[in-house]
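In case you want the letters, here they are:
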Amino acid sequence: VVRNARRDWRRSVRQAKREFFDGRIQHVAEERKRVWDLTSWTGPRALPMYRALIHEGTPLTTEEALWAALDSSFHSAANRPVDETILDEVEQLPERDCPPISAREIADALKGTSAGSAPGWDHVTWRHLKALCKGAHFSRTLLLLFNGFLTHGIWPAQFKRAVSVVIPKPYKDDYSKIKSYRPIVLLSCISKLFEKVIAARLHYE
């Protein structure tokens, strides 16, 4: 019985993988129309990463040393002075009306999102939002929420929360160098959806 169950499990896993990749290929070919996105599957494997990074000739063997090296590399411009007087030279245009956000704007912004994008700290993905927005109650609540942000000019603290992840850059010769890595910031998809709506309006203007 155990042997039959294991065989059925392996068959189900193979079938699930085949259906997933077939669906992925169909999505890329028909909807995104970017067939070259699939070429990464046929490329060579990335070189294995080293156990310890080396910064300024010193191996980083502790978390404190690793964080200090990453912080100095990725945040090197954090304390640089900024000349804000250049904004005074920008021509000030008259204020324009900002109508309430519509459900169509949210649907259009959500339509162009990728299901493969990594979620933020709340683990809510674009796929979750697309499924939830099919319900009238959630869509109405989200619309009221976004219009509240727009009307009162607020941005919730939950939307400011971010998770930083350091990932390797592809096809680097030496993964013992910090420059072979880059940080990405994962934000809540709900906050990014609101930003997409506002960005679409600014693009139209």
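Residues numbered from 1 in each chain as written. Predicted model: local features only at pLDDT ≥ 70, side-chain atom pairs only at ≥ 80, totals over all residues. Heavy atoms only, no water.

Here we look at the overall build of the chain
Counting its secondary structure elements, the chain contains 7 helices and 4 strands. In the chain, the succession of helices and strands from N to C terminus is α-β-β-α-α-α-α-α-β-β-α. Within the chain, the proportion of its 205 residues that are buried is 19%. Taking the intrachain contacts of the chain between residues at least 6 apart in sequence as the baseline, contacts between residues at least 24 apart amount to 62%. A total of about 16,400 Å² of accessible surface is found on the chain, and carbon and sulfur atoms cover 57% of it. (Helix = DSSP H or I, 4+ residues; strand = E, 2+ residues; numbered from the N terminus. Buried < 20%, exposed > 50% of the residue type's maximum accessible area, 1.4 Å probe, protein only. Contact = heavy atoms within 4.5 Å. Areas by Shrake-Rupley, 256 points an atom, 1.4 Å probe, with all protein chains shown as cover.)

Structural notes on the pattern of salt bridges
For the structure on display, the rule yields 4 salt bridges. In this structure, Arg-11 engages Asp-8 in a salt bridge whose closest nitrogen and oxygen atoms are separated by 2.9 Å. With Arg-11 and Asp-8 both in helix 1 (residues 2–32) and 3 residues apart, the pair spans about one turn of that helix. We classify Asp-8 as partly exposed; its relative accessible area is 37%. (Salt bridge = Lys/Arg side-chain N within 4 Å of Asp/Glu carboxyl O.)

Re the layout of surface pockets
Of the volumes computed, that of the largest pocket is approximately 320 Å³. Mapped onto the lining of the largest pocket, the elements with two or more residues apiece are helix 3 (103–111) and helix 7 (189–204). Here the residues of the lining of the largest pocket are counted per class, giving 9 nonpolar, no polar and 6 charged. (1 Å grid on protein atoms, 1.4 Å probe; cavity = no way out; pocket = protein on both sides within 12 Å on 5 of 7 lines; lining within 4 Å. Points joined across faces, edges and corners; volume = space filled by probe spheres on them. Nonpolar A, V, L, I, M, F, W, Y, C, P; charged D, E, K, R; others polar.)

Re a positive patch on the surface
A cluster of basic residues, Arg-3, Arg-6, Arg-7, Arg-10, Arg-14 and Arg-18, forms a positive patch at the surface. Note on placement: Arg-10 falls in helix 1. (Patch = residues over 30% accessible without salt bridge, like charges linked within 9 Å, V, L, I, M, F, W, Y side chains within 5 Å. Lys, Arg positive; Asp, Glu negative; His and termini not counted. Charge placed at Lys NZ, Arg CZ, Asp CG, Glu CD.)

Here we look at helix 5 (residues 136–152)
Here helix 5 is 17 residues long and its end C-alpha atoms lie 24 Å apart, about the 24 Å a rise of 1.5 Å per residue gives. Those residues of helix 5 not exposed but buried are Leu-142, Phe-146, Asn-147, Gly-148 and Phe-149. The inward-facing, buried residues of helix 5 contact helix 3, helix 6 (157–160) and helix 7. Phi turns positive, to about 65 degrees, at Gly-153, one or two residues after helix 5. (Expected span 1.5 Å × (residues − 1).)

Some details on the packing of aromatic side chains
Applying the stated criterion across every chain, the model contains 9 aromatic pairs. A centroid spacing of 5.7 Å and a plane angle of 85 degrees characterise the contact between Phe-149 and Phe-159, whose relative ring orientation is edge-to-face. Taken as a pair, Phe-149 in helix 5 and Phe-159 in helix 6 lie far apart in primary sequence, 10 residues in all. Residues Phe-149 and Phe-194 carry aromatic rings whose centres are separated by 5.6 Å and whose planes lie at 90 degrees to one another, so their mutual orientation is edge-to-face. Remark: Phe-194 occurs in helix 7 and Phe-149 occurs in helix 5; sequence separation between them is 45 residues. The buried category is assigned to Phe-149, whose relative accessible area is 7%. (Phe/Tyr/Trp six-rings, centres within 6.5 Å; stacked < 30°, edge-to-face > 60°.)

So, a nonpolar patch on the surface
Together, Ile-86, Leu-87 and Val-90 make up an exposed nonpolar region whose accessible area comes to about 290 Å². Relative to the helices and strands, Leu-87 is located in the loop between helix 2 (63–74) and helix 3. Take Leu-87: its relative accessible area is 54%, and that puts it in the exposed class.

Description of unusual backbone geometry
For His-123, which is not a glycine, the phi torsion comes out positive at approximately 65 degrees. Overall, His-123 belongs to the exposed group, its relative accessible area being 59%. Even without glycine at this site, Tyr-171 takes up a positive phi of about 60 degrees. Here Tyr-171 shows up in the loop between strand 3 (163–168) and strand 4 (181–186).

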